[in-house]
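The chain contents come next:
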Amino acid sequence: MQIDDVTSYERSIAKYLRQDRLPHIWCAGCGIGPVLNCFLRAIDSAELNPDLVSVVSGIGCSGRVAGYVKLDSFHTTHGRAIPFATGLKLANPQLKTVVFSGDGDLVAIGGNHLIHAARRNIDMTVICINNFTYGMTGGQVGPTAPLDVRTATTPYGNFEPPFNLPWLLHASGASYIARWTVLHLHQLELTIVEALRRPGFSFIEVISPCPAIYGRMNKEPEGLDSLRNYIKRSVIKHGAGPRETAIDHKGPIVVGKFLDIDQPTLQDHLIGVAAKAKKPVKK
Amino acid sequence: MKLWRTPFDRNPDAEPLGYIHIDKIRCKGCGFCAEYCPREVLHMGAELNYKGYKLAAIKDESKCLACGYCELICPEFAITLILNSNANKSEEKHPV
């Protein structure tokens, strides 16, 4: 048996992964691992300089991503991943900043930062791992939990209508919005590559299983049950209108690339104002 | 020669296109690789690792087409696909 000395694994992701920290803390059947895998492959296929990629993550299970990558990374306080990434981007516009966080962190406590970053159209990529709950703190109801799902704090079913994230971001002014599930891995990788290469605020929502906390209460006790559910329910619909993308408890999950428009970023506006400010004032 | 699809008259004795290595320390037995392997190369075996997780195991490596989906979907970074550089050479020797 003669084998290649360089495997595809080593070619693409092993150099970006802190192997000494593995096995990681995520539960068996968690969806964050495949998303991280896709992200590391996307950095490789986008041919970015790894010295100029920085990963910022918030609090929660997905916040641990910052500790497992061999890139410049920072683990911020709850909800403050986007402000930190904004500062990084403004101080060094060459950086590719990636915010890797969960729905509880980005949409609940950091919700204001999310919509204002989208409004300013800051050049960054936000990967939101949506598992419909606060996994690390014991499964409280999250801002994206669909109606009627059972969680630790809503044992008779959720009574709060959830956020429709693509619609929220579309209305706030983001330039790139996509949604995939953990099963659409090749599509997710291509989407992350596209988002990393383009300027402007890119938002990628990934529907991910949470078997130990969310699935246990909703008849999906293993990660595989959630994935089988996604196969049945997911519908690929590129360019779907924001009203169609709401997620019900049992209804279809619309996935695909919803929005891709070119608009001036915060940096472009800043350069324009700076040029005006430098002109000598006529007296 | 690089083929994107295996021809129907592929030599049944040819070497597999890839070899799969499963890290027994990292595997947590979630079963994603076994469920979504398109050629049913992997399955959930009976062996337990040192933490008590049921390990994924290789059923029939000769069927492997080296698509790499197991490597991509593994949440634990436990699966490594080693491409076999010899596989296509033995293909060319086979008289069609």
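Visitor: Can you help me understand the overall build of chain A in this one?
Guide: Helix and strand counts for chain A come out as ten helices and ten strands. The C-alpha extent of chain A, read off along each of the three principal axes, is 75 × 60 × 35 Å. Looking at chain A residue by residue over its 283 residues, the buried ones come to 54%. Within chain A, counting contacts between residues at least 6 apart in sequence, those at least 24 apart form 68% of the total. Per element, the accessible surface of chain A, about 12,700 Å² overall, is 56% carbon and sulfur. Here chain A contributes 30 positively and 24 negatively charged side chains, and the mean placements of these two sets differ by 8 Å.

Visitor: Explain the side chain of Ser172(A) here, please?
Guide: Within the fold, Ser172(A) resides in helix α7 (residues 165–172). The class of Ser172(A) is buried, set by a relative accessible area of 17%.

Visitor: What exactly am I supposed to notice about the packing of helix α2 (residues 32–45) of chain A against helix α8 (residues 185–197) of chain A here?
Guide: Any two packed helices are characterised by how steeply their axes cross, that is the angle between the axes, and by the distance between the axes. All names here are of chain A. Direction vectors running N to C along α2 and α8 enclose 50°, while the axes themselves pass 8 Å from each other. Between α2 and α8, the angle is such that the two are oblique. For the crossing formed where α2 meets α8, the hand is right-handed. Contact with α2, carried on its side by Pro34, Val35, Cys38, Phe39, Arg41, Ala42, Ile43 and Ser45, involves Leu185, Leu188, Glu189, Ile192, Val193, Leu196 and Arg197 of α8 and no other residues of that element. Looking at the contact of α2 with α8, its residues break down into eleven nonpolar, one polar and three charged.

Visitor: Honestly, the interface of chain A and chain B in this entry has me stumped. Any pointers?
Guide: Contact with chain A, which involves 35 residues of that partner, is made by 28 residues of chain B. For the pair chain A and chain B, the summed buried area comes to about 2,800 Å², and 61% of that belongs to carbon and sulfur atoms. Linking chain A to chain B there are two salt bridges. Among the ionic pairs, Arg41(A) bridges to Glu71(B), the shortest N-O distance being 2.9 Å. Our count for the chain A to chain B interface comes out at ten residue pairs in polar contact (both at pLDDT 80 or more). Counting residues per element, the ones that place at least two in the side of chain A that touches chain B are α1 (8–12), α2, α8 and α9 (223–233) of chain A. Looking at the side of chain A that touches chain B, the element that brings in the most residues is α2(A), giving six residues. Tallied by class, residues from the side of chain A that touches chain B come to 20 nonpolar, ten polar and five charged.

Visitor: Even after reading the chapter, I still don't get helix α6 (residues 111–120) of chain A, so can you show me in this structure?
Guide: Working note: α-helix, 3.6 residues per turn, so residues spaced by three or four point in the same direction. Residues and elements named next belong to chain A. Residues Gly111, Leu114, Ala117 and Ala118 constitute the buried set of α6. Down the axis of α6, the sector holding all buried residues measures 135°, keeping them to one side. Lining the buried residues of α6 we find α4 (81–91), α5 (103–109), α7 and β8 (201–207). The first or second residue beyond α6 is Asn121, which carries a positive phi of 55°.

Visitor: What exactly am I supposed to notice about empty space enclosed by the protein here?
Guide: To locate leftover empty space, one rolls a probe as large as a water molecule over the atoms. All names here are of chain B. Applying the stated criterion across every chain, the model contains four cavities of 30 Å³ or more. If you add up the space inside the largest cavity, you get close to 110 Å³. Forming the boundary of the largest cavity are 17 residues, of which Cys37, Pro38, Cys64, Cys67 and Cys70 lie nearest the centre. Every element with two or more residues in the lining of the largest cavity is listed here: α1 (32–36) and α2 (69–73). By residue class, the composition of the lining of the largest cavity is 15 nonpolar, one polar and one charged. Here the second largest cavity defines a volume of roughly 90 Å³. Forming the boundary of the second largest cavity are 13 residues, of which Cys27, Cys30, Cys33, Ala56 and Cys74 lie nearest the centre.

Visitor: Which parts of the structure should I look at to understand the packing of aromatic side chains?
Guide: How two aromatic rings sit relative to each other is set out by the distance from centre to centre and by the angle between their planes. Residues and elements named next belong to chain A. Counted under the stated rule, the structure contains four aromatic pairs over all chains. Consider the rings of Trp26 and Tyr68, whose centres lie 5.3 Å apart with planes at 75°: the pair is edge-to-face. With Trp26 in the loop between α1 and α2 and Tyr68 in helix α3 (residues 65–68), the pair connects residues that are 42 residues apart, well separated along the chain. Trp26 sits in the buried class, given a relative accessible area of 2%. Residue class for Tyr68 comes out buried when judged on its relative accessible area of 5%. With a centroid separation of 4.3 Å and an interplanar angle of 5°, the aromatic rings of Phe74 and Phe84 are classed as stacked. Note that Phe74 is positioned in strand β2 (residues 72–75) and Phe84 in helix α4, a separation of ten residues in sequence. According to the relative accessible area criterion, Phe74 is partly exposed, its value standing at 41%.

Visitor: How do you make sense of the pairing of strand β3 (residues 54–58) of chain B when you look at a structure like this?
Guide: Moving residue by residue along a regular strand, the side chains alternate between the two faces of the sheet. Residues and elements named next belong to chain B. Where strand β2 (residues 42–48) lies against β3, four bridges are found, and the strand directions are antiparallel. The residue of β3 that forms the bridge with Leu48 is Lys54. Counting the residues in the hairpin turn of β2 and β3 gives five residues, including Gly52, whose phi is positive at 95°.

Visitor: Which parts of the structure should I look at to understand the nonpolar core?
Guide: Across soluble globular proteins, you tend to see nonpolar side chains buried next to one another. Leu36(A), Phe39(A), Leu188(A) and Ile192(A) are the most contacted members of the largest nonpolar core, which totals 59 residues. Discounting residues that sit within four places of it in the chain, Phe39(A) has contacts with Val55(A), Val98(A), Phe100(A), Ile127(A) and Ile192(A).

Cut-off values and rules
Sequence positions are assigned chain by chain, starting from 1 and proceeding in written order. All chains are assigned letters beginning at A, and all ligands numbers beginning at 1, according to the order in which they are written. It should be noted that, the model being predicted, local features are given only for residues of pLDDT at least 70 and side-chain atom pairs only at 80 or more, the latter also being counted only at that level, while totals for whole chains, interfaces and linings use all residues. Hydrogen atoms and water are omitted, and side-chain values are computed over all heavy atoms in the structure. Labels follow the DSSP assignment, with helices taken as runs of H or I lasting at least four residues and strands as runs of E lasting at least two, numbered in each case from the N terminus. Residue burial is assigned from relative accessible area. The probe radius is 1.4 Å, only protein chains are included, and a residue is buried under 20% of its type maximum, exposed over 50%, and partly exposed in between. Here a residue-residue contact requires only that any non-hydrogen atoms of the pair lie within 4.5 Å. Where accessible areas are quoted, they stem from the Shrake-Rupley method and a 1.4 Å probe; at the residue level, only the protein chains shown are allowed to cover. We treat Lys and Arg as the positive residues and Asp and Glu as the negative residues; His and chain ends play no part in the count. Taken as the charge location is NZ of Lys, CZ of Arg, CG of Asp or CD of Glu. Convention adopted: a line fitted to C-alpha atoms gives each axis, helices being fitted over their contacting stretch, and angles between N-to-C directions are expressed from 0 to 180 degrees. Roughly parallel means an angle under 35 degrees; roughly antiparallel, over 145; roughly perpendicular, 65 to 115; everything else is oblique. Left-handed describes a crossing in which the near helix is turned anticlockwise from the far one by less than a right angle; the clockwise case is right-handed. Think of it as three bins: nonpolar holds Ala, Val, Leu, Ile, Met, Phe, Trp, Tyr, Cys and Pro, charged holds Asp, Glu, Lys and Arg, and polar takes everything else, Gly as well. The buried area of a pairing is the accessible area, by a 1.4 Å probe, that goes missing from both parts when the two are put together, added over both. Any carboxyl oxygen of Asp or Glu within 4 Å of a side-chain nitrogen of Lys or Arg constitutes a salt bridge here. Polar contact criterion, stated in full: a pair of N or O atoms within 3.5 Å, where within protein one must be able to donate a hydrogen and the other to accept it, and residues adjacent in sequence count only if both atoms are side-chain atoms. This arc is built from the directions going out from the helix axis to the C-beta atoms. Only protein atoms enter the 1 Å grid, on which a cavity is a set of points fitting a 1.4 Å probe that cannot get out and a pocket is an open set with protein on both sides within 12 Å along at least 5 of 7 lines, lining residues being those with an atom within 4 Å of a point. Grid points are joined across faces, edges and corners, and a volume is the space filled by probe spheres set on the points. Only rings of Phe, Tyr and Trp enter the pairing, Trp through its six-membered ring, and a pair is recorded when the two centres are within 6.5 Å. The plane angle decides the type: under 30 degrees is stacked, over 60 is edge-to-face, the rest tilted. At least two bridges found by DSSP between two strands are what make those strands a pair. By nonpolar core we mean a set of buried residues, namely Ala, Val, Leu, Ile, Met, Phe, Trp, Tyr and Cys, connected to one another through side-chain atoms within 4.5 Å.

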